[in-house]
Number of protein chains: 2
Amino acid sequence: MEERVIKVAMMGLGTVGTGVYKVLKNQQEDMVPKLGARVELKKILVRNLEKAAAKVDDPSILTNSFEEIANDPEIDIVIEVMGGKQPAMNYILACLDAGKNVVTANKDLVASEGKKLLAAAKRNGKDFLYEASVAGGIPIIRPIKQCLAGNHITEIIGIFNGTTNFILTKMTQEGMEFDEALRLAQDLGYAEADPTSDVEGLDAGRKVAILASAAFNSRVTFEDVYTEGIAKITATDIRYAKEMGCDIKLLGVAKDTPEGIEVRVHPMLIDSSHPLASVNDSYNAVFVTGDAVQDTMFYGRGEGELPTASAIVGDVYDIVRNILWDCCGRIGCTCYRDRPIKRVGEISSRYFVRMQIENRYGTLASVASVFGNNQVSIAQMVQKRVNGTVAEIVVITDQVKERHFMDAMKILGGMSIIKEISSVIRVYG
Amino acid sequence: MEERVIKVAMMGLGTVGTGVYKVLKNQQEDMVPKLGARVELKKILVRNLEKAAAKVDDPSILTNSFEEIANDPEIDIVIEVMGGKQPAMNYILACLDAGKNVVTANKDLVASEGKKLLAAAKRNGKDFLYEASVAGGIPIIRPIKQCLAGNHITEIIGIFNGTTNFILTKMTQEGMEFDEALRLAQDLGYAEADPTSDVEGLDAGRKVAILASAAFNSRVTFEDVYTEGIAKITATDIRYAKEMGCDIKLLGVAKDTPEGIEVRVHPMLIDSSHPLASVNDSYNAVFVTGDAVQDTMFYGRGEGELPTASAIVGDVYDIVRNILWDCCGRIGCTCYRDRPIKRVGEISSRYFVRMQIENRYGTLASVASVFGNNQVSIAQMVQKRVNGTVAEIVVITDQVKERHFMDAMKILGGMSIIKEISSVIRVYG
């Protein structure tokens, strides 16, 4: 029997591209018996041909001309691992319009332009797959779109960024402050020189937007996601959290509520017995709740050369099967609902507040009455004397609407007995 | 546009069947926009029509004649949730031969007859899907066959049985002995009146066989799996394990090694920092290691009406898509390798041994020399005096071939200074 060959091009040969190149090479013997076809990497688009030559066995597959890929009728699948919004966006659209299937790891693009990209795929009857855009190697998009398709998914909560999880783990386990842990992450190559996207929750926000769209069948874009970073978290906060039975994690939260979809990324206290609380170092994990499956969690490496390549090659294989069975486009956009996005002020949460107050008779009662007057009820409180005149108090509230809580904080912030509001962190559950 | 209807039959209306019925009902509004077709449950095969009538809205869909399903050309998909080997096996084969796709949760059948069933599906160009047969609602078969298809999976280790995990959790957290924890599990409905299949590791063994086949692309049957249960585990063992930084779990282990495939289920000590160690109560979890994805874990409800139904409906939806795209049979048997099964004596492991020895000068040296003479090296040891004449010692060994270890145990068992070999438990890692 003649061996069927499916030809693939890749755009980009950075960390993830190199991983894909390696995984496809490792898979040479298994592809044909596994899929019924051989996947051949025919072209790789790179900026610098000379620099890229060292990374591949046969430099003749390298090109710096996008047209060579777009206009090659033999190429059925294009893997986009260039990153960034442009020219990636235009290239992907051109590939789809040229009748090619596309696999991408580009979360920036999918989180903002997913609708347009999936529409282009549908228009051309092709696949546009992006398993690698969320949580690296962890299978999560396909499980949500297929395995859990019989569920109404009500909540997704997860650790979507390895850099910040590494930093918070070091702060928790070794008592480091944020700056020190960030420097360590940079020294070890976990954090970039400009760590803004990780530390401020932007990277996680993109992943939450993509997953929320898949889970709730309603389009959520990165622009819908409320984000807050971890730079303000201190080792002191983490110590108090531990005393109260919690860990602090940077969590992405997406909920489908009767009033609309909540999507946000911010640091949160989470009960230490929750499975997410023990997800440490640079690992990611996604906790999914559905009406049938109940609780389920997916855990693994959220980034890195080979884990991300694992997700990309899984998508490529799926498309190969679709090509062989002539069913490309089998699963496209699943956003058939149109749910509103809930404004962050309308979201309810519990809060952890750490304050320095004047250490004298009556101040605690004043603080408590401000909370009470603003519909904020107190669940737990710890007070410690810091020095003769100032006491540190830590409060965990019950569920309260964000805007009521913020009203209370504004009043407290203006009171002379309050020396400092040191930390305000949300609490899960 | 005319609404396309895909007609489905179900065989069985026990716990899982009732769950499937409920989930399909909950999904009425979402099916058409999600899939492009409506799934209609046309017939349910039951033994007792009268008893079953109370469980459905319209008793006219009930039948006690298998032929009514097999001979109905309108029925495209049959869900088998009767359980047991026969008549389920014959019914499934007849359905496939009648040109119907089949979804099953029947682990007994898939673990022993998977090859024959997948061959029948292939012969007829139909789908035979069994996501629900392993770990209930947790997506695991599809992630392995598709998302992780670009990996050489080297190891699967997991908690595959909720009943035994509940029992061990109670023994660990509340110091209960096995009998007491089993009775509690029975009272709460987690364990059956005859708990053999759960407690002896047979249930877990079936799931490990199914997953090993999918992960290593080589057929593994239940008959290949070495199984040992948890009835011999004591609260004392668990306390010593904790002292040594470990928890005791009933683990299913499957490894693809150069000498063949290892597949076994037995209690094991596992480092308390391993993600599986904190999987408690009746939860299941599967830890998968591959050359690209590295470590990944899937966690959730391993059984129960709705979680298992979640997996079944996911499979049904996948088949509906395949029917609409005319690509049934798209992913069938993926066992294209033929690897030998490693004999249990050839497997290497670390061991935890608890013994009562004579409390006098020289006995410890004698014990140590028996280990040494049999190539067993000692990694950790704890000795406690039990009473004046007997001391309790606990040893954790380094990696050793099972047969060398057993030789050492045989010699120790025959020595007069050894009063009792109380426990022998394997240690992971």
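Residues numbered from 1 in each chain as written. Chains lettered and ligands numbered in written order. Predicted model: local features only at pLDDT ≥ 70, side-chain atom pairs only at ≥ 80, totals over all residues. Heavy atoms only, no water.

## Observations concerning the relation of the copies chain B and chain A
The operation relating the two chain copies consists of a rotation about an axis and a shift along that axis.
1) Next: It takes a turn of 180° to lay chain B on chain A, together with a shift of 0.0 Å along the axis; the resulting RMSD is 0.0 Å. Each copy turns onto its partner about a two-fold axis. Across chain B, the rotation axis passes nearest the C-alpha of B:F298, at a separation of 2.4 Å.
2) Next: Of the residues that chain B buries at the interface, 100% are likewise interface residues in chain A, meaning the two copies contact each other through the same surface. (Least-squares fit on C-alpha atoms with pLDDT ≥ 70 in both. Contact = heavy atoms within 4.5 Å.)

## Concerning the environment of A:V8
Residues and elements named next belong to chain A.
1) Next: You can see V8 is positioned in strand β1 (residues 5-11).
2) Next: By relative accessible area, which is 0% here, V8 ends up buried.
3) Next: For the pair V8 and A212, spaced 204 residues apart in the sequence, the C-alpha separation amounts to 30 Å. (Helix = DSSP H or I, 4+ residues; strand = E, 2+ residues; numbered from the N terminus. Buried < 20%, exposed > 50% of the residue type's maximum accessible area, 1.4 Å probe, protein only.)

## Overview of the pairing of strand β10 (residues 260-271) of chain B
All names here are of chain B.
1) Next: For β10, the buried fraction is high: 11 of the 12 residues fall into the buried class.
2) Next: Bridging between strand β8 (residues 226-227) and β10 involves 2 bridges; their strand directions are parallel. Along β10, the bridge assignment pairs Y226 with R264.
3) Next: Relative to β10, strand β9 (residues 246-257) runs antiparallel, the two sharing 12 bridges. If you follow L251 over to β10, its bridge partner there is H266.
4) Next: In this antiparallel pair of consecutive strands, β9 and β10, the connection spans 2 residues.
5) Next: As judged from the 2 bridges shared by β10 and strand β17 (residues 418-427), these two strands associate in the parallel manner. Directly across from M268, in β17, lies its bridge partner R426. (Pairing = 2+ DSSP bridges.)

## Topic: the interface of chain B and chain A
By a frequent convention, interface size equals the accessible area lost on bringing the separate parts together.
1) Next: Contacts between chain B and chain A engage 52 residues on the former and 52 residues on the latter.
2) Next: For the pair chain B and chain A, the number of links is 2 salt bridges.
3) Next: With its nearest N and O atoms 2.9 Å apart, the salt bridge here joins B:D318 to A:R330.
4) Next: Our count for the chain B to chain A interface comes out at 28 residue pairs in polar contact (both at pLDDT 80 or more).
5) Next: Going through the elements one at a time, α1 (15-26), α2 (28-35), α7 (141-147), β11 (283-290), β12 (294-301) and α13 (305-324) of chain B are the ones with two or more residues in the side of chain B that touches chain A. (Salt bridge = Lys/Arg side-chain N within 4 Å of Asp/Glu carboxyl O. Polar contact = N/O pair within 3.5 Å; in protein donor to acceptor, adjacent residues only side chain to side chain.)

## Remarks on the pattern of salt bridges
All names here are of chain B.
1) Next: For the coordinates displayed, the defined rule picks out 66 salt bridges over all chains.
2) Next: Ionic pairing is found between K25 and D57, a salt bridge with its closest N-O pair at 2.8 Å. With K25 in helix α1 and D57 in the loop between α3 (49-53) and β3 (62-63), the pair connects residues that are 32 residues apart, well separated along the chain.
3) Next: The class of D57 is exposed, set by a relative accessible area of 57%.
4) Next: As a salt-bridge pair, R403 and E346 come within 2.9 Å of each other at their nearest N and O atoms. Placement of R403 in helix α15 (residues 402-413) and of E346 in the loop between α13 and β13 (348-358) is noted, with a sequence separation of 57 residues between them.

## Side note on helix α6 (residues 107-123) of chain B
Residue and element names in this part refer to chain B.
1) Next: Within α6, the axis deviates most sharply at E113, by approximately 90°.
2) Next: When α6 is considered as a whole, its buried residues turn out to be L109, V110, A111, S112, G114, L117, L118, A120 and A121.
3) Next: Those residues of α6 that are buried are in contact with β4 (75-80), α5 (88-97), β5 (101-104), β6 (128-129) and α11 (202-216).
4) Next: The opening residue of α6 is N106, an N-cap whose side-chain oxygen sits 3.4 Å from the backbone nitrogen of D108.
5) Next: Positive phi appears at G125, one or two residues downstream of α6, with a value of about 65°. (Bend = angle between axes of the 7 residues up to and from the residue.)

## With respect to the sheet that holds strand β5 (residues 101-104) of chain A
All names here are of chain A.
1) Next: One open sheet accounts for 6 strands, arranged β3-β2-β1-β4-β5-β6; its pairing is parallel. Looking along the sheet, the strands with just one partner apiece sit at the ends: β3 (62-63) and β6 (128-129).
2) Next: As defined by bridge partners, strand β2 (residues 38-45) adjoins β3 across 2 bridges and the pair is classed as parallel. Bridge assignment links I44 to a residue of β3, and that residue is L62.
3) Next: Together, β1, β2, β4 (75-80), β5 and β6 form the strand contacts of helix α5 (residues 88-97), whose direction differs from that of β5 by roughly 150°. (Axes fitted to C-alpha atoms, helices over the stretch in contact; angles between N-to-C directions.)

## Remarks on the environment of A:I6
Residue and element names in this part refer to chain A.
1) Next: Examined against the element boundaries, I6 turns out to sit in strand β1.
2) Next: C-alpha of I6 to C-alpha of E40: the two residues are 34 residues apart in sequence and 6.1 Å apart in space.
3) Next: Beyond its immediate chain neighbours, meaning those up to four positions away, I6 contacts A37, R38, V39, E40, D76, I77, V320, I323 and L324.

## Focus on the sheet that holds β3(B)
Residues and elements named next belong to chain B.
1) Next: The 6 strands lie next to each other as β3-β2-β1-β4-β5-β6, forming an open sheet whose pairing is parallel. Pairing within the sheet leaves two strands with one partner each, and these edge strands are β3 and β6.
2) Next: Pairing between β4 and β5: 4 bridges, direction parallel. If you follow E80 over to β5, its bridge partner there is T104.

## Notes on the confidence of the model for chain A
1) Next: Considering every residue of chain A, the mean pLDDT works out to 96; 100% of them sit at 70 or more.
2) Next: Across the predicted assembly, pTM comes out at 0.96 and ipTM at 0.96. (pLDDT = per-residue confidence, 0-100.)

## Overview of the packing of aromatic side chains
1) Next: The final tally for this structure, using the stated rule, is 13 aromatic pairs over all chains.
2) Next: Arranged with centres 5.8 Å apart and planes meeting at 35°, the rings of A:F128 and A:Y130 form a pair that is tilted. Exposure class is identical for A:F128 and A:Y130. Each is buried.
3) Next: Judged by centre distance (6.5 Å) and plane angle (40°), the ring pair of A:F287 and B:Y299 falls under tilted. Taken together, the positions of A:F287 in strand β11 (residues 283-290) and B:Y299 in strand β12 put the pair across two chains. The residues A:F287 and B:Y299 share a single accessibility class, namely buried.
4) Next: Taken together, the aromatic side chains of A:Y283, A:Y299 and B:F287 make up a single cluster linked through ring pairs. (Phe/Tyr/Trp six-rings, centres within 6.5 Å; stacked < 30°, edge-to-face > 60°.)

## What about the packing of helix α6 (residues 107-123) of chain A against helix α11 (residues 202-216) of chain A?
All names here are of chain A.
1) Next: Between α6 and α11, the shortest axis-to-axis distance is 9 Å and the interhelical angle comes to 50°. It follows that α6 is oblique to α11 by the angle criterion. The hand of the α6/α11 crossing is left-handed. Contact residues: α6 offers K107, D108, V110 and A111, while α11 offers D203, R206, K207, A209 and I210. (Parallel < 35°, antiparallel > 145°, perpendicular 65-115°, else oblique. Left-handed = near helix turned anticlockwise from the far one by under 90°.)

## Focus on the nonpolar core
One broad rule of soluble globular proteins: the nonpolar side chains tend to lie buried together.
1) Next: Residues A:I156 and B:I156 are the most contacted members of the largest nonpolar core, which totals 162 residues.
2) Next: By size, the runner-up hydrophobic cluster in this structure holds 39 residues, among which are A:M10, A:V20, A:A311 and A:I319. (Core = buried A, V, L, I, M, F, W, Y, C linked by side-chain atoms within 4.5 Å.)

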